[in-house]
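One-letter residues, chain by chain:
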Amino acid sequence: MSAKESHNTESSENYLETILILSKKLPVVRSVDIAKELGFKKSSVSIAMKNLRAKNQITVTDAGFIYLTEEGLAIAEMIYERHELLSKGLISLGVDPKVAVEDACRIEHVISSESFAAIKAHMHLSDDKTPSGPSVP
């Protein structure tokens, strides 16, 4: 995968994850909500939404409400799970929570499924032996 393709994938995954997170907080998600959450211009978000629609990862109603498709939801949930687990793991190792969340945001896009599964299994084994760590911000 080229650096440009990797960036496009990471960007798409970030948008899908943001839509998932916002859909848990808001009754409906609109481009303006995504722009506000990410600190991006609405025009940039509009281009990204067009690309996600073309990949059938979101649908957009006539009223501008954005919904994840099954494929988009699966990707968003995978990235969100990685983010949560990696953030929690780094924090439990003593990493400053702000740094842990930022690092997890980068790692979540490049880690292989095999490596993530191994980390997840290890952390769940550790959870069985120790009290739960701090919650992820």
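Residues numbered from 1 in each chain as written. Predicted model: local features only at pLDDT ≥ 70, side-chain atom pairs only at ≥ 80, totals over all residues. Heavy atoms only, no water.

Bringing the overall build of the chain into the picture now. Assigned secondary structure in the chain consists of six helices and two strands. N-terminal to C-terminal, the α/β element order of the chain is α-α-α-β-β-α-α-α. Looking at the 137 residues of the chain, the share that counts as buried comes to 31%. Residue pairs at least 24 apart in sequence account for 56% of intrachain contacts in the chain once pairs closer than 6 positions are excluded. Only carbon and sulfur atoms are counted for the fraction: they give 57% of the accessible area of the chain, which is about 8500 Å². (Helix = DSSP H or I, 4+ residues; strand = E, 2+ residues; numbered from the N terminus. Buried < 20%, exposed > 50% of the residue type's maximum accessible area, 1.4 Å probe, protein only. Contact = heavy atoms within 4.5 Å. Areas by Shrake-Rupley, 256 points an atom, 1.4 Å probe, with all protein chains shown as cover.)

This paragraph deals with the layout of surface pockets. The volume enclosed by the second largest pocket comes to roughly 230 Å³. Along its surface, the second largest pocket is lined by N14, E17, T18, I21, E37, L38, H83, C105 and E108. Secondary structure elements with two or more residues in the lining of the second largest pocket: helix 1 (3-25), helix 2 (31-38) and helix 5 (97-110). The element that contributes the greatest number of residues to the lining of the second largest pocket is helix 1, accounting for four residues. Its residues placed into classes, the lining of the second largest pocket shows three nonpolar, three polar and three charged. (1 Å grid on protein atoms, 1.4 Å probe; cavity = no way out; pocket = protein on both sides within 12 Å on 5 of 7 lines; lining within 4 Å. Points joined across faces, edges and corners; volume = space filled by probe spheres on them. Nonpolar A, V, L, I, M, F, W, Y, C, P; charged D, E, K, R; others polar.)

Another aspect to go through is the side chain of Q57. Within the element layout of this structure, Q57 appears in the loop between helix 3 (42-54) and strand 1 (58-60). For Q57, a relative accessible area of 6% gives the class buried. The contacts of Q57, once residues within four sequence positions are left out, are L16, L52, Y67, L68, T69, E71, G72 and I75.

Relative orientation of the contacting elements helix 4 (residues 70-92) and helix 5 amounts to 140 degrees, with a least axis distance of 8 Å. Classified by the interaxial angle, the pair formed by helix 4 and helix 5 is oblique. For the pair helix 4 and helix 5, the crossing hand works out as right-handed. Contacts between helix 4 and helix 5 involve I79, R82, H83, L86, S87, L90 and I91 on the former and, on the latter, P97, A100, V101, D103, A104, C105, I107, E108 and H109. Here the contact of helix 4 with helix 5 is built from residues that sort into 10 nonpolar, three polar and three charged. (Axes fitted to C-alpha atoms, helices over the stretch in contact; angles between N-to-C directions. Parallel < 35°, antiparallel > 145°, perpendicular 65-115°, else oblique. Left-handed = near helix turned anticlockwise from the far one by under 90°.)

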